[in-house]
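# Topology and contacts: notes
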Amino acid sequence: MIVDFLLPRTPVSHQAKNKDHKEAWRDYVYGRAMQAWPANPLIDCHLKFTMVYLADDPRAGDINNFVKPVQDALCALIYADDAMVLDVSAHMRSLTVPNSIAGIPRLLAQAIIDGEPCVYVAISDSRDLAEELK
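Keep in mind that this is a model prediction, so the values were computed, not measured. (Residues numbered from 1 in each chain as written. Predicted model: local features only at pLDDT ≥ 70, side-chain atom pairs only at ≥ 80, totals over all residues. Heavy atoms only, no water.)

## Thoughts on the side chain of Ser94
- You can see Ser94 is positioned in strand 3 (residues 85-94).
- Looking at Ser94, its side chain comes within polar contact range of the side chain of Thr96, at 2.6 Å. (Helix = DSSP H or I, 4+ residues; strand = E, 2+ residues; numbered from the N terminus. Polar contact = N/O pair within 3.5 Å; in protein donor to acceptor, adjacent residues only side chain to side chain.)

Laid out in structure tokens, this is it:
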């Protein structure tokens, strides 16, 4: 893993109609990511973007609509170009049902234990396609 961090808020969909709300979310993501990634943007590598939304509403929306604003906020901060992201793994889990913490990253496990809506983001090296498809 290259970097991981939490966004302790409910995410904003890229389909949200309120432009100011979307911009505030992007700025929030950028600020939180900057705390976790104080280095220059990565260049000339292949990456995997992982996102887990821990929702307090079982009908929280479409996970695909929450990914793009986060990815866009990280471009030019963590990675120089979003074309470097070859793999995307996005998940949404309800906090109203039990979620196992065995074998998951420490930050995500703690977020599940805390039980507050949040988004977990991890950037890692892209793996061989055969490994991804196991």
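## A word on helix 2 (residues 63-74)
- If you check helix 2, its first and last C-alpha atoms are 18 Å apart, about what 12 residues at 1.5 Å a residue would give, namely 16 Å.
- Taken across its 12 residues, helix 2 has nine buried, putting it largely inside the fold.
- Among the residues making up helix 2, those that are buried are Ile63, Asn65, Phe66, Val67, Pro69, Val70, Gln71, Ala73 and Leu74.
- Elements that come into contact with the buried residues of helix 2 comprise strand 1 (3-7), helix 1 (19-36), strand 2 (47-55), strand 3 and strand 4 (118-125). (Expected span 1.5 Å × (residues − 1). Buried < 20%, exposed > 50% of the residue type's maximum accessible area, 1.4 Å probe, protein only. Contact = heavy atoms within 4.5 Å.)

## Quick look at the pattern of salt bridges
- The final tally for this structure, using the stated rule, is six salt bridges.
- In this structure, Glu132 engages Lys48 in a salt bridge whose closest nitrogen and oxygen atoms are separated by 3.2 Å. Placement of the pair is Glu132 in helix 4 (residues 129-132) and Lys48 in strand 2, with a sequence separation of 84 residues.
- A relative accessible area of 21% places Glu132 in the partly exposed class.
- Note on Lys48: relative accessible area 15%, which makes it buried.
- Two residues, Asp72 and Lys68, come together in a salt bridge whose shortest N-O distance is 3.0 Å. Taken together, the positions of Asp72 and Lys68, both in helix 2 and four residues apart, correspond to about one turn of that helix.
- For Asp72, a relative accessible area of 33% puts it in the partly exposed group. (Salt bridge = Lys/Arg side-chain N within 4 Å of Asp/Glu carboxyl O.)

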